[in-house]
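# Descriptive analysis of the structure
The lines below spell out each chain.
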Amino acid sequence: MTMTLQKLWQRLVQTARLSCGVPDYDVYVAHLRAHHPERRIPTYAEFFRDRQTARYKGTGGRCC
């Protein structure tokens, strides 16, 4: 029972982070290892900076 609640809690935290625009680094690293083993795994700071650039398209913020 405890394991089920723990998994549920992890999913809820992940959903809350994604809805706020905070990407999940651990999921990204697992994806890279499984599907792109030749690519270098970025640090969390590099990953976060890349996600911010992708989200805001490097323009320094939203237009509206």
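Within any chain, residue numbers begin from 1 and follow the written order of that chain's sequence. Predicted model: local features are reported for residues with pLDDT of at least 70 only, side-chain atom pairs are reported and counted for 80 or more only, and whole-chain, interface and lining totals are derived from all residues. With hydrogens and water stripped out, all remaining heavy atoms of the structure feed into the side-chain values.

- Looking at an unreviewed UniProt entry, one finds the protein chain named YbdD/YjiX family protein, with Dyella humi as its source organism.

### Side note on the overall build of the protein chain
- Labels follow the DSSP assignment, with helices taken as runs of H or I lasting at least four residues and strands as runs of E lasting at least two, numbered in each case from the N terminus. If you tally the helices and strands in the protein chain, you get 3 helices and 0 strands.
- Taken from N to C terminus, the helices and strands of the protein chain fall in the order α-α-α.
- Going through the 64 residues of the protein chain one by one, you find that 11% of them count as buried.
- For accessible areas, the Shrake-Rupley method is used with a probe of radius 1.4 Å. Any residue's cover is judged against the shown protein chains and nothing else. Here the protein chain displays about 5700 Å² of accessible surface, and carbon together with sulfur accounts for 58% of that area. Only protein chains enter the accessibility calculation, which uses a 1.4 Å probe; a residue is then buried when its area is under 20% of its type maximum, exposed when over 50%, and partly exposed in between.

### Focus: the environment of Pro-42
- Looking at the element boundaries, Pro-42 is found in the loop between α2 (25-35) and α3 (44-56).
- Here a residue-residue contact requires only that any non-hydrogen atoms of the pair lie within 4.5 Å. Those residues within four positions of Pro-42 in sequence are excluded, and the remaining contacts are Tyr-25, Tyr-28, Leu-32 and Phe-47.

### Notes on a nonpolar patch on the surface
- Side chains of Leu-5, Leu-8, Trp-9 and Leu-12 sit close together on the surface and give an oily, nonpolar patch of about 460 Å² of accessible area.
- The topology assignment puts Trp-9 in helix α1 (residues 2-19). Think of a patch as exposed residues, more than 30% relative accessible area, with no salt bridge, where like charges cluster within 9 Å and nonpolar side chains (Val, Leu, Ile, Met, Phe, Trp, Tyr) cluster within 5 Å. Salt bridges are defined as contacts in which a side-chain nitrogen from Lys or Arg sits within 4 Å of a carboxyl oxygen from Asp or Glu.

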